[in-house]
There are 4 protein chains.
Amino acid sequence: MGIVLGANQYGKAESRVVRIYRDTERHEIRDLNVSTAIRGDFAAAHITGDQAHVLPTDTQKNTAFAFAKEHGIRSPEEYAVALGGRLLEATPAATGVLVRVEEYPWDRVAVGQYEHDHTFVRRGGEVRTVEVDVTADGLRIVSGLTDLVVLKSTGSEFKGFLRDEYTTLPDADDRILATSLTARWRSAHDRPDRVADVAWDEEHHTVRALLLEAFAGTYSHALQETLFAMGRLVLERMPMVEEISFAAPNKHHFLVDLASFGLDNPGEVFVAADRPYGLIEATVTRDPEK
Amino acid sequence: MGIVLGANQYGKAESRVVRIYRDTERHEIRDLNVSTAIRGDFAAAHITGDQAHVLPTDTQKNTAFAFAKEHGIRSPEEYAVALGGRLLEATPAATGVLVRVEEYPWDRVAVGQYEHDHTFVRRGGEVRTVEVDVTADGLRIVSGLTDLVVLKSTGSEFKGFLRDEYTTLPDADDRILATSLTARWRSAHDRPDRVADVAWDEEHHTVRALLLEAFAGTYSHALQETLFAMGRLVLERMPMVEEISFAAPNKHHFLVDLASFGLDNPGEVFVAADRPYGLIEATVTRDPEK
Amino acid sequence: MGIVLGANQYGKAESRVVRIYRDTERHEIRDLNVSTAIRGDFAAAHITGDQAHVLPTDTQKNTAFAFAKEHGIRSPEEYAVALGGRLLEATPAATGVLVRVEEYPWDRVAVGQYEHDHTFVRRGGEVRTVEVDVTADGLRIVSGLTDLVVLKSTGSEFKGFLRDEYTTLPDADDRILATSLTARWRSAHDRPDRVADVAWDEEHHTVRALLLEAFAGTYSHALQETLFAMGRLVLERMPMVEEISFAAPNKHHFLVDLASFGLDNPGEVFVAADRPYGLIEATVTRDPEK
Amino acid sequence: MGIVLGANQYGKAESRVVRIYRDTERHEIRDLNVSTAIRGDFAAAHITGDQAHVLPTDTQKNTAFAFAKEHGIRSPEEYAVALGGRLLEATPAATGVLVRVEEYPWDRVAVGQYEHDHTFVRRGGEVRTVEVDVTADGLRIVSGLTDLVVLKSTGSEFKGFLRDEYTTLPDADDRILATSLTARWRSAHDRPDRVADVAWDEEHHTVRALLLEAFAGTYSHALQETLFAMGRLVLERMPMVEEISFAAPNKHHFLVDLASFGLDNPGEVFVAADRPYGLIEATVTRDPEK
């Protein structure tokens, strides 16, 4: 029985590409963390050490920076598609290229009533994500966000669950529900010749708003139900979203027992716990037969 | 020559206290990370192991949670003063108590044009800090913020510096200036009986706005000069600030050389570097004789 | 076109389970980070909010702690199999349970020539990992390690690679090769009734030693080649390993140009870079037909 | 009342300097994280933006790398003294230079019975630290270590402590004591002309061994008592240590209540908690009058 090479890919991770648009006095900034990975027939590199078909990860990095100028960064989606296409083309042994981008948002600094032309403050909070897979057969574009931390101080319960001999959790009628949301949605805009026509920034903004709206507006019987409601609203309103997936840690806030100190605690004082945490993962998708 | 106990303190670090105000439909949230440290005559605990004068760190934690209800959290400053005072009083051997608080800001979720009553999204970005030192002689209150990440895409130079045989840095006429600011300002509001009268949240908001205004509005010959300008503006406008200190990593953004690829790069594409980084620390203070 | 629930799972992540064996004066310690995830038919929980079939994540956590006593932790593999089996059994709606365990290694403190009975120092360095998937059809056990940081100060080159117009990297005849290795190997010991008979700790120790031996002993034309050699050696010597996968960041160490300071630098002074980094992923497997 | 510049310093933080000694087949490695900070009369840089007296942080970084070759790294202490002396000399406006070094330890990879000549595995665990302050008047050298994680599974109690109305903690007769130790000790070897004669690596090794010996060998009535015993042993045995300071988080391991599941738990199953944690800080010093 032989020993052989299985699945493999290689690339440059976390190139920190910052692009300033300074065509007018009012600068724009795009601040990205770019990772690329090439897969294909690279058996020689692994087995005999022959690098003749390997486009170095250093070159992948150079291309990421060069494309920030040559192609520009109108949106992380469009930039990732261009970069992935280039790397596929430049590497004859490649069968696919995966480009992952994180974008860190910046706001303009307000001075009095005005927004400053070239001074920015990093917004913090969630990070925008894009993952593009490019092959000869086509594109797969998954937009997303991560670390969107949201909390409801009421309107959440958890009860009627399955019990066994290790169950000690009481029913909760009114609890804090909090999570640090990761969401990833696959786009129907996957024709290479149409990518440039999509208003990616606007779409991202709209999906984010719908996610928040559903989180706020849904009475929660469980985080699972809340996530499904969030996904459903996005799919209902955004025909260009094919499918959306969530990973949502249940960031537990435990009510503190203040009775020993003669104090009542009707949902007012909580301890925010680090670990362990519940972790809920779910995909909401379209079923053409329903 | 004997071996003796020197300076010492002990306490509970990083109690994650979350307080919901739910007196009306419109909830409010204060989300704190609280650390306390007691100092005084605790030689017996160290040398003979006798704990009779030691208020346990567990009790310090309990007090932090109980005070979130009993005293409330109108501002982190006022809460920290109350908590420190209590621990000093409860521990006869104590000569001083240090309370440090970080506050994580939350915004209301907007649904359409309305802000939701009980759904919040964590703002991200900078953290508000408070450090209160309580002794029998009085209070020392240092407000602050950390991780305020700001960037100017032009209006910054660095030239005319000292050179020696290890200097290779060329003069820079137009560079990106970016930092993750930590600022701490000592308050003149240090009378225990007046702490409750101060509008701490407003003061914090004003200092933050002044820091951003000076950062944006100052042409920078060096990060040192920018920090001094920021501190000066705060001291000029805020008589209740005695002194302000900064720690500011110079988050280097290096211009990428794209010439090898036949591309010009007039201040457009940068690599954001992690390490090493410049680190500038400075205090701006008042001199009664000037 | 309907909107439906897709793939989903839920569980409790990162329960920090510490087990002390104190049957004799000479204590033993096992220090684990345990995550469980249940998948199956949980559509009701997502769509209508009905939790009747949901074993709470809190119960999963309780079970993890109870099993540290009831079943014990002879090895992370055996413990994970038992825990996963229990959760599958306790949850009629479940079709599979995934248990992931990280183990943090501790050494005994040496006092003079003796090892102390009940005092330990955490070894640091790599973390041992186990991932067990339990279904009605059987087991899948993947052992592993992560964060094993290794470095060769010579015996590594990278040259003869593909070049395009974005390539600036020169050939390297003698470079530092360093990585923080993640390795995961699937075990042939997947019969539930035999899991208790396997010497999992010894197998782990042997695989780790083989990985280090191959890393040290292989002249490297590229990190890819080194990884393949490491995987091949493990598969050759360990018939019970079916397949092994690697994720290996190429932790770049760049030679510092000291010529400006009149200093030669023949492979002596390097800067260790953080980001970006090369990232090589590869699987080495068995082919029954070769 | 004027606004003036107070205390200030500036420098380059976290230069990752790796030095390979390859004079023989058997290579040696020193892996450092170097930070420098210059203080003195830099008012012009802050107030008018004039950089004429400012040695750039980029030059400080260059010097750190050049000195790894020119002066070499026999020990982090000696290297730091040389680097600090150089920066003080190169900067006429400077009155003092602070050099901080972290050293990451590496072990040789063992292949069978032999240690490999040029392949290393990072030890993990604690980091060695050095802080050197250089002025015209002399040196201050503080050696140390951080992140030394130690645990006793018995031989530790905590009882007889002060109680107030917020105290709920019961006495503990037998608990786990664990900490992630930071220790810093000031050396009497502070004559610049003698620094090269000191066996710094050996001294570090000996202090570390004494710390572990005292931690293991002391029955603990409280972490405070254990720390004092550790400091006392170091001062008794090492006349060249003037003073030693500790910062020790009490990493709580709480006994899990398994009674609900019909299980006994006599000190066997614990949950390792993240936050909050006790934090004990203490200095042990010499008193010439005792």
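The written sequence of each chain sets the order in which its residues are numbered from 1. Naming scheme: in the order in which they are written, chains are lettered from A and ligands are numbered from 1. Local features in a predicted model are, by the rule used here, given only for residues with pLDDT of at least 70; side-chain atom pairs are given and counted only at 80 or more, and totals for whole chains, interfaces and linings are based on all residues.

Draft legend 1. Quick look at unusual backbone geometry. Residue and element names in this part refer to chain C. The omega torsion across Arg-275 and Pro-276 is -10 degrees, close enough to zero to call that bond cis. Mapped onto the secondary structure, Pro-276 falls in the loop between strand S12 (269-272) and strand S13 (277-287). Backbone geometry places Glu-14, a non-glycine residue, at a positive phi of 65 degrees. Inspection of the secondary structure assignment puts Glu-14 in the loop between strand S1 (2-13) and strand S2 (15-21). Residues other than glycine seldom take positive phi values, yet Asp-147 does so here, at roughly 65 degrees. Runs of E in the DSSP output that reach at least two residues are strands. Runs of H or I that reach at least four are helices, and both are numbered from the N terminus.

Draft legend 2. Main features of the packing of helix H2 (residues 57-70) of chain D against helix H3 (residues 76-90) of chain D. Residues and elements named next belong to chain D. A fitted line through C-alpha atoms serves as each axis, taken over the contacting stretch for helices, and the angle formed by two N-to-C directions is quoted from 0 to 180°. With their axes 10 Å apart at the nearest point, H2 and H3 run at an angle of 135 degrees to one another. Of the possible angle classes, the one that applies to H2 and H3 is oblique. With respect to the hand of their crossing, H2 and H3 are arranged in right-handed fashion. Note on element contacts: H3 touches H2 through Tyr-79, Ala-82, Leu-83, Arg-86 and Leu-87, opposite Gln-60, Thr-63, Ala-64 and Phe-67. Three classes are used: nonpolar for Ala, Val, Leu, Ile, Met, Phe, Trp, Tyr, Cys and Pro, charged for Asp, Glu, Lys and Arg, and polar for all others, with Gly counted as polar. Residue composition of the contact of H2 with H3, grouped by class: six nonpolar, two polar and one charged. In this scheme, roughly parallel covers angles under 35 degrees and roughly antiparallel covers those over 145, while 65 to 115 is roughly perpendicular and the rest are oblique. Left-handed is the label given to a crossing in which the near helix is rotated counterclockwise from the far helix by less than a right angle, and right-handed is the label when the rotation is clockwise. Once C-beta atoms are placed from the backbone, any two residues with those atoms within 7 Å are in contact.

Draft legend 3. Up close: the interface of chain C and chain A. The interface is formed by 73 residues belonging to chain C together with 73 residues belonging to chain A. Looking at which element gives the most residues to the side of chain C that touches chain A, the answer is S1 of chain C, with twelve residues. Broken down by class, the residue content of the side of chain C that touches chain A amounts to 33 nonpolar, 24 polar and 16 charged.

Draft legend 4. Structural view of the relation of the copies chain B and chain A. With an RMSD of 0.0 Å, the fit of chain B onto chain A corresponds to turning through 180 degrees and sliding 0.0 Å along the axis. Here the symmetry operator amounts to a two-fold rotation axis. Relative to the rotation axis, the C-alpha of Gly-124 of chain B is the closest in chain B, positioned 2.1 Å from it. In this assembly, 100% of the residues forming the interface of chain B have copies in chain A that are likewise at the interface, indicating an isologous arrangement. The fit set for superposing copies consists of C-alpha atoms from residues with pLDDT of at least 70 in both; the fit itself is least squares.

Draft legend 5. How the structure looks around the interface of chain B and chain A. Facing the 49 residues of chain B at the interface are 49 residues of chain A. Counting only elements with at least two residues in the side of chain B that touches chain A, the list comes to strand S2 (15-21), helix H2 (57-70), strand S5 (106-111), strand S6 (114-122), strand S8 (138-152), helix H4 (200-217) and strand S12 (269-272) of chain B. Sort the elements by how many residues they give to the side of chain B that touches chain A and S6 of chain B lands first, with six residues. The residue inventory of the side of chain B that touches chain A, partitioned by class, reads 26 nonpolar, 13 polar and ten charged. Both strand S8 (residues 138-152) of chain A and S6 of chain B contribute to a ladder of three bridges, which runs antiparallel. Along S6 of chain B, the bridge assignment pairs Leu-151 of chain A with Phe-120 of chain B. Any two strands between which DSSP finds at least two bridges are classified as paired.

Draft legend 6. Main features of the relation of the copies chain C and chain A. Each copy of the sequence occupies a distinct position, and chain C is placed on chain A by a rotation of 180 degrees and an axial shift of 0.0 Å, giving an RMSD of 0.0 Å. Take the interface residues of chain C: 100% of them recur as interface residues in chain A, which is what a same-surface contact looks like.

Draft legend 7. Quick peek at the pairing of strand S7 (residues 127-135) of chain B. All names here are of chain B. Relative to S7, strand S4 (residues 94-103) runs antiparallel, the two being bridged by eight bridges. Pairing of Leu-98 across the sheet is with Asp-133, part of S7. Examined bridge by bridge, S7 and S8 share nine bridges and lie antiparallel to one another. Following the sheet pairing, Val-130 is matched in S8 by Ser-143. Two successive antiparallel strands, S7 and S8, enclose a turn made up of two residues.

Draft legend 8. Seen up close, the domain arrangement of chain A. Residue and element names in this part refer to chain A. Each assigned domain of chain A is listed with its residue range as follows: domain 1 (8-136) and domain 2 (145-290). Start and end points for every domain follow an automatic or database-based domain assignment. When each unit is reduced to the centre of its C-alpha atoms, the spacing between domain 1 and domain 2 is 29 Å. Contacts between domain 1 and domain 2 engage nine residues on the former and eleven residues on the latter. For the side of domain 1 that touches domain 2, the secondary structure elements donating two or more residues are helix H3 (76-90) and strand S7 (127-135). Of the residues belonging to the side of domain 1 that touches domain 2, the class tally is two nonpolar, three polar and four charged.

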